[in-house]
Every structure is written in structure tokens, then in C-alpha cells.
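A look at the structure
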Amino acid sequence: GENVEQHPSTLSVQEGDSAVIKCTYSDSASNYFPWYKQELGKGPQLIIDIRSNVGEKKDQRIAVTLNKTAKHFSLHITETQPEDSAVYFCAASYYGGSNYKLTFGKGTLLTVNP
Amino acid sequence: SAVISQKPSRDICQRGTSLTIQCQVDSQVTMMFWYRQQPGQSLTLIATANQGSEATYESGFVIDKFPISRPNLTFSTLTVSNMSPEDSSIYLCSGGAANTEAFFGQGTRLTVV
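Before going into details, it helps to say that this report is about the structure given with it. Keep in mind the model is a prediction, meaning the values are calculated, not measured.

What counts as what
- Residues numbered from 1 in each chain as written.
- Chains lettered and ligands numbered in written order.
- Predicted model: local features only at pLDDT ≥ 70, side-chain atom pairs only at ≥ 80, totals over all residues.
- Heavy atoms only, no water.
- Pairing = 2+ DSSP bridges.
- Helix = DSSP H or I, 4+ residues; strand = E, 2+ residues; numbered from the N terminus.
- Axes fitted to C-alpha atoms, helices over the stretch in contact; angles between N-to-C directions.
- Phe/Tyr/Trp six-rings, centres within 6.5 Å; stacked < 30°, edge-to-face > 60°.
- Buried < 20%, exposed > 50% of the residue type's maximum accessible area, 1.4 Å probe, protein only.
- Contact = heavy atoms within 4.5 Å.
- Polar contact = N/O pair within 3.5 Å; in protein donor to acceptor, adjacent residues only side chain to side chain.

This paragraph deals with the sheet that holds strand S7 (residues 62-67) of chain A. Residues and elements named next belong to chain A. Across the sheet, five strands lie side by side as S1-S3-S8-S7-S6; this open sheet has antiparallel pairing. On the outer flanks of this sheet lie strand S1 (4-7) and strand S6 (56-59), each paired with one strand and no other. Direction aside, neighbouring strands of the sheet carry axes that sit 15 degrees apart on average. Bridge analysis of S6 against S7 gives four bridges, and the strand direction is antiparallel. Within the sheet, the bridge partner assigned to aspartate 59 lies in S7 and is isoleucine 62.

Written as C-alpha cells, this is what we have:
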């Protein structure tokens, strides 16, 4: 089955700096890679996703890059703000059949210091 | 995006009892899933809730312990049976459709004493 590795487990940055979180996956059949943000006491919230036919996707201060050959994808947050502080999870899945399920990384606790 | 509501949001239960968690989606979704999240940990898939048929369980999870129902496309329940303190966790419902995003409920925080 799929295995997703996520690094780092914790990340502390100063407000205004950039943050990068990296994930690798094992199953070359995976073709969908979402990122979730989870704030304390809440469920995971989808913030951005990318499919394997795209190398990069951007949404305001958030971007995701995908390298299919190396089987890794990264989340980039620019101009970080204190409200970006949360746990971020990457995930991988295969979309295209009648069934799919997400395999999650272990999460990254991001702290943005004012 | 789909809105997923879970009830209860939290509960404290006695060991040996059972708790049923409800999940309601505001639109029809093909897929519904149940996850467990231990404090400070990642999400572990318990099972896929199939409409009108038995759920598909992941390795390490069994129907007798976590019976699941899904009577229609917008509603599912997860029961945690014969609870022990090791079952203390956050239980999350997720819904989506093939080739679309998966959304999560707020979770049910369960404490077993």
C-alpha cells in the first residue's frame, strides 16, 4: 500500500518568512495530493491540492509543487502570519476508480512567531 | 464544498459501554470514511462506509468493534463498542466523490474512563 513520509515534524518561523513542508510517497499510481490544515480542536481543512498532470499550483500565499519522477511534493507558504500556525498534513491517493482512500503523512506543527 | 456535521462533538464514556457517532453531509457524496486520530498523531483510516452494504475495514479494525451503517448517501454512523481507555481518541468522518476533494467533519473527541 501507499506510504507517505512528511518532514519536518515541527517548524517554527518568524512572521513574514516562508515555510516549506515536504512529503514523499511510495506508490507511483497515486495521482492526487491534497494538503490539510488542522487547527486545535477542529477537523482537517483542505487548503490546496494538486493532481499528477500538474507540476505546480498556487493559491494566494500557498503553493504546492509536485515532482512525479522523484515522488515528492511540497507545500510552500509565503509571508507567513500567526493565523497560519496549525498542524499541516499531506496526503496521497489514487483517483480514477470506483474507490479511493487517502494516506496521510504524520503531520507538521507549524508555529509562526509574531 | 460539502459541509459535514458530526454528533456528538465530544463525550466522556464509561468503559464497557458503546457510543454511536453520527455524520451528516449536506450533499450527496459517493464516498464516506471514518478515521481515528490519536492525540498529536496523524489520521488512520478505520473503514469506508458503503451505502446499503457492509463497510470495508482497514487492517487492524473489525466490524464487531466498530460497526458502521450508511443507510443513504448523506448519512453514516460509527459505533465504538465495548469501549476501553485505549479507544480514547478523536473520530473523524470524511466525505467526497471520485475525482473530487474529501472534506472532514469537526470530529468527535471521545474520552473513556
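Right, let's get into the packing of aromatic side chains. Scanning the model with the defined rule gives 12 aromatic pairs over all chains in all. For the pair phenylalanine 104 of chain A and phenylalanine 104 of chain B, a centre-to-centre distance of 6.0 Å together with 70 degrees between the ring planes defines the contact as edge-to-face. With phenylalanine 104 of chain A in strand S10 (residues 103-104) and phenylalanine 104 of chain B in strand S10 (residues 102-104), this pair bridges two chains. Take phenylalanine 104 of chain A and phenylalanine 104 of chain B: they sit in the same class, and that class is buried.

Take the pairing of strand S7 (residues 68-72) of chain B next. Remark: a regular strand shows side chains that alternate across the two faces of the sheet. Residue and element names in this part refer to chain B. Where S7 lies against strand S8 (residues 75-80), three bridges are found, and the strand directions are antiparallel. Among the inter-strand pairings, isoleucine 68 is bridged to a residue of S8, identified as leucine 78. Hairpin connection from S7 to S8: two residues lie between these consecutive antiparallel strands.

Moving on to the environment of serine 18 of chain B. Residue and element names in this part refer to chain B. Mapping serine 18 onto the fold places it in the loop between strand S2 (10-13) and strand S3 (19-25). Assessed through its relative accessible area of 48%, serine 18 is described here as partly exposed. Spatially, the C-alpha atoms of serine 18 and glycine 96 are 27 Å apart, while their sequence positions differ by 78 residues. Ignoring any residue separated from it by four or fewer positions in sequence, one finds serine 18 in contact with Thr79, Val80, Ser81, Asn82 and Met83. A distance of 3.4 Å separates a polar atom in the side chain of serine 18 from the backbone nitrogen of asparagine 82.

Before going further, it helps to examine the sheet that holds S7 of chain B. Residue and element names in this part refer to chain B. Spatially, the four strands line up as an open sheet ordered S1-S3-S8-S7, and their pairing is antiparallel. Strands with a single pairing partner mark the edges of an open sheet, and in this sheet they are strand S1 (4-7) and S7. Each strand of the sheet is rotated relative to its neighbour by a mean of 15 degrees, with strand direction disregarded. By the bridge criterion, six bridges tie S3 to S8 in an arrangement that is antiparallel. Bridging from a neighbouring strand, glutamine 22 pairs with threonine 77 of S8.

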